[in-house]
Amino acid sequence: MVDEPFKQMSRKTWYRWSFYINIALFFIIAVSVYLLIIDSYYAGKIAHVGGDLLSQQWFYIARDLAFLSISLALVFFQFYRNLLTIIRRSL
């Protein structure tokens with residue numbers, strides 16, 4: 001029932017949506033890497049002080065790593081799914 005609209009969608013439309021999703025994922029990856037670098041730099045600057053500021057920076061780093069790992073997992077999932085589709089068509 002939920003997958004009925006996906007079955008009715010043409011391949012061209014599905015490829016277009018997949019392209020846009022990949023663009024958004026790569027944008028999220030770029031922003032996450034940028035924020036991870038910035039937050040790691042600031043954590044290193046305040047490491048000698050310690051305290052609440054350093055623990056707050058660790059939360060920021062964990063946030064960046066979560067977004068980065070989820071985005072990369074989705075990219076690799078799509079890559080391997082498309083690779084399996086190509087292999088099935090060529091056999």
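As a reminder, the structure under discussion sits directly above these lines.
Note that the coordinates shown come from a computational prediction; the quantities given were computed from them, not determined experimentally.

Student: What is the right way to read a nonpolar patch on the surface from this model?
Tutor: Taken together, the side chains of Leu72, Phe76, Phe79, Tyr80, Leu83, Leu84 and Ile87 present a nonpolar region at the surface, about 660 Å² in accessible area. Take Leu84: it is sitting in helix α3 (residues 52–90).

Student: Sorry if this is basic, but what is going on with the packing of helix α2 (residues 11–45) against α3 here?
Tutor: The axes of two packed helices give the description: the angle between them and the distance between them. The geometry of α2 relative to α3 is characterised by a closest axis approach of 9 Å and an angle of 150° between their N-to-C directions. The angle between α2 and α3 places the two elements in the roughly antiparallel class. Crossing hand, α2 versus α3: left-handed. Tallied by class, the residues present in the contact of α2 with α3 amount to 21 nonpolar, seven polar and six charged.

Student: I tried to follow α2 on my own but got confused; where do I start?
Tutor: An α-helical turn contains 3.6 residues, so a residue and the one three or four places further along point in the same direction. Taking 1.5 Å as the rise per residue, α2 with 35 residues should run 51 Å; its terminal C-alpha atoms sit 51 Å apart, in good agreement. Three or more residues of α2 are buried, namely Ser18, Leu25, Ile29, Ser32, Leu36, Asp39 and Ala43. Buried positions along α2 lie against α3.

Cut-offs used in this document
Residues numbered from 1 in each chain as written. Predicted model: local features only at pLDDT ≥ 70, side-chain atom pairs only at ≥ 80, totals over all residues. Heavy atoms only, no water. Patch = residues over 30% accessible without salt bridge, like charges linked within 9 Å, V, L, I, M, F, W, Y side chains within 5 Å. Areas by Shrake-Rupley, 256 points an atom, 1.4 Å probe, with all protein chains shown as cover. Salt bridge = Lys/Arg side-chain N within 4 Å of Asp/Glu carboxyl O. Helix = DSSP H or I, 4+ residues; strand = E, 2+ residues; numbered from the N terminus. Axes fitted to C-alpha atoms, helices over the stretch in contact; angles between N-to-C directions. Parallel < 35°, antiparallel > 145°, perpendicular 65-115°, else oblique. Left-handed = near helix turned anticlockwise from the far one by under 90°. Nonpolar A, V, L, I, M, F, W, Y, C, P; charged D, E, K, R; others polar. Expected span 1.5 Å × (residues − 1). Buried < 20%, exposed > 50% of the residue type's maximum accessible area, 1.4 Å probe, protein only. Contact = heavy atoms within 4.5 Å.

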